[in-house]
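Descriptive analysis of the structure
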Amino acid sequence: MIGEIINIAFISGLIGATMRMATPIIFATLGEILAERAGVLNLGIEGIMLMGAMTGFLFTFSSGSIWLGVFAAACVGMLLGLLMALLSVHLGLSQHVSGLGITLFATGLAMFIYRLHFGSPTVPPIIEPFKQVALPLLSKIPLIGSALFKQYSLTYIAWLLVPAMSILLYKTKIGLKIRTVGENPVVADTVGVNVTLTRTLCLVAGGAFMGIGGAFLTLAHQNMFLIDVIGGRGWVAIAMVIFGNWDPVKGTIGALIFGFLDGLQLRLQSVGLVIPFHVFLMVPYLLTIVALIGVSRRATVPASLLKPYRREEKGG
Amino acid sequence: MIRFRIVKRQPLSGWAKVAIPIGAIVVTLMLSAIPILFAGGHLWKSYFYLFYGALGTRYNLLETFVKASPLVLTGLAVAFAFRAKFWNIGAEGQLLAGALTATVLGVHLSAIPPALVLPTIIIAGFLAGGIWASIPALLKTKLKVDDVVSTLLLNYVMIHIMGALLFGPLQQPGSSWPRSSAIIEAACYPILLIRSRFHLGILISFLAVWIIWFINKKTIFGYQSKAVGINIRAAHFGGINTTSVILWTALISGGLAGLAGVGELCALQYRLIMDISPGYGYSGIVIAMLGNLHPVGVLFSSLFFSVIIVGAQTMSRMTGVPTYIAEVIQGMALMVMLIFLLFTEYKIRVMRR
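Residues numbered from 1 in each chain as written. Chains lettered and ligands numbered in written order. Predicted model: local features only at pLDDT ≥ 70, side-chain atom pairs only at ≥ 80, totals over all residues.

**Comments concerning the overall build of chain B**
- A tally of regular secondary structure across chain B gives 14 helices and two strands.
- In terms of overall dimensions, chain B has C-alpha extents of about 80 × 60 × 35 Å along its principal axes.
- Every one of the 353 residues in chain B was classed for burial, and the buried ones make up 52%.
- Pairs at least 24 residues apart make up 79% of the contacts formed inside chain B by residues separated by at least 6 positions. (Helix = DSSP H or I, 4+ residues; strand = E, 2+ residues; numbered from the N terminus. Buried ≥ 20, exposed ≤ 12 C-beta atoms within 10 Å, placed from the backbone. Contact = placed C-beta atoms within 7 Å.)

The following block contains the structure:
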């Protein structure tokens, strides 16, 4: 009997943790899908998330308003998205290298600003993090109710963004423009779509998502900023975009699988198994690679991904 | 209305290839004034201590070489892979693979003659890094898995393998910290200059510059590797076994990063700790780009970076600017260099209409 109760508590806790740990990945994956659908691989994602995490924390700490922190994280994500657009779209530099450059720059900048503002205290400063919000009625469903519907506001927002992004990409004129720019910019240009502007806006909007995804980690998942807070989640999001075949819904499924493994890893740690916890930490990354092996052969990459567009070199 | 267009230009002459990185460095140093002033540091004092801290005394100058050694190796690793368009972002993990292997051998290899210990460790460390890099190369060539993503993810896998071993079988007996036992004396790199840490690994990294230059310029493999990087389909139809070229490129690239790990372990730390590398693998990417993927370019950009890293310590002590300024400057240097490189191929034309 007791074993059964622990079991139910364990599973319900695991579902909750899955949703929680998937949230930053969902934000980041959606942001990356938007950029890649327009034809730009944004490897700046890891750095943008770290800057989002740091900025969100800093603004919440200074102002006391957690939503101001989220807003600031989104703004900083947009700025870095704009920088990525300047390098890779306007100047047409290698997307690989400009993205990595932004990650290195943003990582250094995040640590620099944090150290400048807080010095190096022995106890890291903390903020009052987001509280979980129980949705009325839904959270009263037995077993899964409290696990699924007692979450952070940002988690609900992530869930609303998934269908919104699907509709934007597949059902609207804007989505058609974005996809055309990503598949065949020459055609898009011919029918009067501004390729440069479309790509820039997608990178800027995608950057906002990445920034918020990072901020979730310092404002909800934890209540402090640590240098390794992102821990490769940006790269996982890049993998999830491929895993989900550039589709928001399938990408989210990937993010949920990663969230599940991440949550499971945290749960098993607290149960106190004899296996070193680093083995559990490794599993989500390993399985992400395995998942990529499964899908990579039949992946349908946006045709002009990685290719800068210069009107003068049309057809070249 | 005035519009700016980016158009192709005539190839630049040879001197421009030297002038452009120097120009990029000067512009980067000028841009560094922004974070320095932002941090409230006195500008000229900061610049002075940046260079004095790296070059001002004999010890600091030699320390700059100590810091450059792993950067040269990871820079070469990335440059050699990028040249063949094998996007190896995994030098960090490959470095750790080398350090891990060196630790296992360095702690336990007391049975064989002391003279053979170090060569064994160096070869094993090279192979460990190379094999770790050949996993994503295999995934890329056989299963079409994107190499950027797989090399990046494998970095985290390697960090956690190291963590599991340092909290487990490799942990120093009696210690509660995640650190290994010390390696035996025969496994340590000899120090070549007294009252300094100038060690054998520095010579190894300089030798590696020459070897990679030789492979690139003088061997058929170097030519094939470049051909694969320029156009893999054309190389394939031209009769090059592209799969094998990418695999060998990965093996050499990862091996170089593995040697960086061996050097950090056997010359500086003598025991494995979690933060054995402060991101040398990632710095290698910037260094490779700043050096325009050329081995000699890599050598000079590594030296520039180690001046920044070593100098930032003194600057931070004297002016209060956080040492993370070094990372900010690295990021800026990459972006400035990219823009400079763009204008070797293109120019801006002002159009009126």
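Don't stop here, the text continues.
**Overview of the overall build of chain A**
- A tally of helices and strands in chain A yields twelve helices and two strands.
- Helices and strands in chain A line up, N terminus first, as α-α-α-α-β-α-β-α-α-α-α-α-α-α.
- Whereas a compact globule of 316 residues would reach a radius of gyration of roughly 20 Å, chain A reaches 20 Å, a difference of no more than 12%.
- Expressed as lengths along the three principal axes of its C-alpha atoms, the size of chain A is roughly 70 × 45 × 40 Å.
- Taken over 316 residues, chain A has a buried fraction of 49%.
- Sequence separation of at least 24 residues holds for 77% of the intrachain contacts in chain A that already meet a minimum separation of 6. (Rg over C-alpha atoms; globule rule 2.2 N^0.38 Å.)

**Brief notes about the environment of Ser-139 of chain A**
- One can find Ser-139 of chain A in the loop between strand S1 (133-134) and helix H5 (145-148).
- If we ignore the near neighbours within four places in the chain, the residues touching Ser-139 of chain A are Ala-134, Gly-145, Ser-146, Phe-149 and Lys-150 of chain A.

**Topic: helix H9 (residues 220-230) of chain B**
Residues and elements named next belong to chain B.
- The complete set of buried residues in H9 reads Gln-224, Ser-225 and Val-228. Mapping the buried residues of H9 onto a view down its axis gives an arc of 100 degrees, with all of them on the same face.
- Buried residues along H9 sit against helix H4 (58-83), helix H10 (232-237) and helix H11 (242-269). (Arc of directions from axis to C-beta.)

**Re the interface of chain B and chain A**
- Listed per partner, the contact involves 42 residues of chain B and 39 residues of chain A.
- When contributions to the side of chain B that touches chain A are tallied by element, the ones reaching two or more residues are strand S1 (2-8), helix H6 (114-143), helix H7 (147-166), helix H12 (280-290) and helix H14 (325-345) of chain B.
- Of the residues in the side of chain B that touches chain A, the class split is 32 nonpolar, six polar and four charged. (Nonpolar A, V, L, I, M, F, W, Y, C, P; charged D, E, K, R; others polar.)

**Focus on the packing of helix H3 (residues 66-90) of chain A against helix H9 (residues 195-221) of chain A**
Residues and elements named next belong to chain A.
- Here H3 crosses H9 at 140 degrees, and the two axes come no closer than 6 Å. Crossing geometry of H3 relative to H9 is assigned as right-handed.
- Class assignment for the residues of the contact of H3 with H9 results in 18 nonpolar, ten polar and one charged. (Axes fitted to C-alpha atoms, helices over the stretch in contact; angles between N-to-C directions. Left-handed = near helix turned anticlockwise from the far one by under 90°.)

**Some thoughts on the packing of H6 of chain B against H7 of chain B**
Residues and elements named next belong to chain B.
- At their nearest, the axes of H6 and H7 sit 9 Å apart, and the two run at 145 degrees to each other. As for the relative orientation of H6 and H7, their crossing is right-handed in sense. Taking contact as the criterion, the partners of Trp-132, Ile-135, Pro-136, Leu-139 and Lys-140 in H6 are, on H7, Asp-147, Ser-150, Thr-151, Leu-154 and Met-158.
- Class assignment for the residues of the contact of H6 with H7 results in six nonpolar, two polar and two charged.

**Things to note about unusual backbone geometry**
All names here are of chain B.
- The phi torsion at Lys-144 lies on the positive side, around 60 degrees, for a residue other than glycine.
- Topologically, Lys-144 is positioned in the loop between H6 and H7.
- The exposure class assigned to Lys-144 is partly exposed, which follows from the 15 C-beta atoms found within 10 Å.
- Although it is not a glycine, Asn-292 adopts a positive phi angle of roughly 55 degrees.
- Taking the number of C-beta atoms within 10 Å as the measure of exposure, Asn-292 has 18 and is therefore partly exposed.

**A few points about the nonpolar core**
- The biggest cluster of nonpolar side chains holds 208 residues, and the ones touching the most others in it are Ala-53, Met-54, Ile-212 and Ala-239 of chain A together with Leu-76 and Cys-266 of chain B.
- Setting aside residues no more than four positions away along its own chain, Ile-212 of chain A makes contact with Phe-27, Gly-52, Val-70, Ala-73, Ala-74, Gly-77 and Leu-154 of chain A. (Core = buried A, V, L, I, M, F, W, Y, C linked by C-beta atoms within 7 Å.)

**Quick look at the confidence of the model for chain A**
- On average, chain A scores 89 in pLDDT, and the residues at 70 or more come to 94%.
- Averaged over each element, pLDDT in chain A is lowest for H5 of chain A (75) and highest for helix H2 (residues 45-63) of chain A (97). (pLDDT = per-residue confidence, 0-100.)

**Remarks on the environment of Arg-267 of chain A**
All names here are of chain A.
- Counting through the fold element by element, Arg-267 comes out in helix H11 (residues 248-271).
- Measuring from C-alpha to C-alpha, the distance between Arg-267 and Ser-62 comes to 33 Å, with 205 residues separating the pair along the chain.
- Not counting the four nearest positions on each side in its chain, Arg-267 is found in contact with Phe-10, Gly-13, Leu-14 and Ala-17.

**Concerning the environment of Pro-136 of chain B**
- Relative to the helices and strands, Pro-136 of chain B resides in helix H6.
- Considering only alpha carbons, one finds Pro-136 of chain B and Asp-146 of chain B, ten residues apart in sequence, at a separation of 8.3 Å.

**Looking at H14 of chain B**
- Here H14 of chain B spans 31 Å end to end across 21 residues, near enough to the 30 Å set by a 1.5 Å rise per residue.
- The element H14 of chain B is extensively covered by neighbouring structure, given that 15 of its 21 residues are classed as buried. (Expected span 1.5 Å × (residues − 1).)

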